[in-house]
Amino acid sequence: MALLTVSDLSLGYESHAIAEGISFTVNAGDYLCIVGENGSGKTTLMKTLLRLQDPISGSITTGDGLKRSEIGYLPQQTAIQKDFPASVREIVLSGCQGRCGFRPFYSKEEKLLAEKNMERMGVTALADRCYRELSGGQQQRVLLARALCATGKVLLLDEPVSGLDPKVTAEMYSLIAQLNREGLTVIMISHDIAAAVKYASHILHIGAKVFFGTRDEYLGSEAGTNFLTQQKGGGADV
């Protein structure tokens, strides 16, 4: 059974739809990239998948025993978040809050999990550093380690390389691809169509027409061909 099944979803605010007719499935091990023009509803879709916002209509069904506590989320950072005055260890450990229940403290297992994920993301040496003193790339690695503490199955990423230089961007994409190869299911909003078609197993394109299919199907579709042409010509952002 699919981890996530979305059927005929309409998204928007106060009954005003900004995207309609969205249907797709996500299976264990998939790497789904969500693309589309600015304002097409990509971030709204992600918030809806996280149950932070209700859809206007349609349904979202989880399967294969997926629980909300098994979904990690890396949102776009705001300027205030980038200046957060906490240590790297504290930031990463906060990803375990969903595991604590009513406990006012972290268990030994949760602390070990935070250490493991800092090591996976290469930020162990930064553990006692203040988060706001780090570079943009280092901050994203820390937030990725935090998200990994929250998830065992699915990772949702909202433009995780936004504002990063090309070298750090390549490193982040490589890290995310490695996590996917290790068995983590990835759902990512991407502003970079080239990266989307390089790394994704499936593409969801939100626009005047909604497309969902494999990467190769997208490359051969009218939606994919037109959008790639726009990007190469300096058209709308994804």
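Residues numbered from 1 in each chain as written. Predicted model: local features only at pLDDT ≥ 70, side-chain atom pairs only at ≥ 80, totals over all residues. Heavy atoms only, no water.

1. A look at helix 6 (residues 136-150)
Part 1 of the reasoning: Here helix 6 contains 15 residues, and its C-alpha end-to-end distance of 21 Å stays within 8% of the 21 Å for a straight helix at 1.5 Å per residue.
Part 2 of the reasoning: Among the residues making up helix 6, those that are buried are Gly-137, Gln-139, Gln-140, Val-142, Leu-143, Leu-144, Ala-145, Ala-147, Leu-148 and Cys-149. (Helix = DSSP H or I, 4+ residues; strand = E, 2+ residues; numbered from the N terminus. Expected span 1.5 Å × (residues − 1). Buried < 20%, exposed > 50% of the residue type's maximum accessible area, 1.4 Å probe, protein only.)

2. Quick notes on the pattern of salt bridges
Part 1 of the reasoning: Tallied over the entire structure, the rule returns six salt bridges.
Part 2 of the reasoning: A salt bridge links Glu-115 to Arg-89, with the shortest nitrogen-to-oxygen separation between them at 3.0 Å. Of this pair, Glu-115 sits in helix 5 (residues 108-120) while Arg-89 sits in helix 3 (residues 88-93), and the two are 26 residues apart along the sequence.
Part 3 of the reasoning: Judged by relative accessible area, Arg-89 falls into the partly exposed class, the value being 29%.
Part 4 of the reasoning: Where Arg-120 meets Glu-182, a salt bridge forms, and the shortest distance between an N and an O atom there is 2.9 Å. Residue Arg-120 is found in helix 5, and its partner Glu-182 is found in the loop between helix 7 (166-181) and strand 7 (185-189); the two are separated by 62 residues along the sequence. (Salt bridge = Lys/Arg side-chain N within 4 Å of Asp/Glu carboxyl O.)

3. Details of unusual backbone geometry
Part 1 of the reasoning: Positive phi is not limited to glycine here, since Asp-8 has a value of about 45 degrees.
Part 2 of the reasoning: Within the secondary structure, Asp-8 is located in strand 1 (residues 4-13).
Part 3 of the reasoning: Positive phi, close to 65 degrees, is recorded for Arg-51, a residue that is not glycine.
Part 4 of the reasoning: Counting through the fold element by element, Arg-51 comes out in the loop between helix 1 (42-49) and strand 4 (57-62).

4. So, the packing of aromatic side chains
Part 1 of the reasoning: Applying the stated criterion to the full structure yields three aromatic pairs.
Part 2 of the reasoning: The interplanar angle of 50 degrees and the centroid separation of 6.0 Å between the aromatic rings of Phe-24 and Phe-212 together place this pair among those described as tilted. Here Phe-24, found in strand 2 (residues 16-26), pairs with Phe-212, found in strand 9 (residues 211-214); they are 188 residues apart in sequence, far enough to count as distant.
Part 3 of the reasoning: The buried category is assigned to Phe-24, whose relative accessible area is 2%.
Part 4 of the reasoning: You can call Phe-212 partly exposed: its relative accessible area is 28%.
Part 5 of the reasoning: Judged by centre distance (5.4 Å) and plane angle (50 degrees), the ring pair of Phe-211 and Tyr-218 falls under tilted.
Part 6 of the reasoning: Its relative accessible area of 16% is what places Phe-211 among the buried residues. (Phe/Tyr/Trp six-rings, centres within 6.5 Å; stacked < 30°, edge-to-face > 60°.)

5. Topic: the sheet that holds strand 5 (residues 71-74)
Part 1 of the reasoning: Reading across from one edge, 5-6-7-3-8-9 is the order of the six strands in this open sheet, with mixed pairing throughout. Of all strands in the sheet, those bounded by a partner on one side alone are strand 5 and strand 9. Between one strand and the next, the sheet's axes are offset by a mean angle of 15 degrees, whatever the strand orientation.
Part 2 of the reasoning: The strands touched by helix 6 within the sheet are strand 5 and strand 6 (154-158), with strand 5 carrying the most contacts at an inclination of about 160 degrees.
Part 3 of the reasoning: Strands in contact with helix 7 are strand 3 (31-36), strand 6 and strand 7; relative to strand 7, the strand with the most contacts, it is inclined by about 145 degrees. (Pairing = 2+ DSSP bridges. Axes fitted to C-alpha atoms, helices over the stretch in contact; angles between N-to-C directions. Contact = heavy atoms within 4.5 Å.)

6. Structural notes on the side chain of Thr-169
Part 1 of the reasoning: The residue Thr-169 is located in helix 7 in this model.
Part 2 of the reasoning: Setting aside residues up to four positions removed in sequence, Thr-169 forms contacts with Val-161 and Leu-164.

7. Describing the packing of helix 5 against helix 6
Part 1 of the reasoning: Where helix 5 contacts helix 6, the two axes come as close as 9 Å, and the packing angle between them is 135 degrees. Regarding the angle of helix 5 to helix 6, the classification is oblique. In the crossing of helix 5 with helix 6, the sense of the turn from one axis to the other is right-handed. Contacts from Leu-113, Ala-114, Asn-117, Met-118 and Arg-120 in helix 5 reach Ala-145, Leu-148 and Cys-149 in helix 6. (Parallel < 35°, antiparallel > 145°, perpendicular 65-115°, else oblique. Left-handed = near helix turned anticlockwise from the far one by under 90°.)

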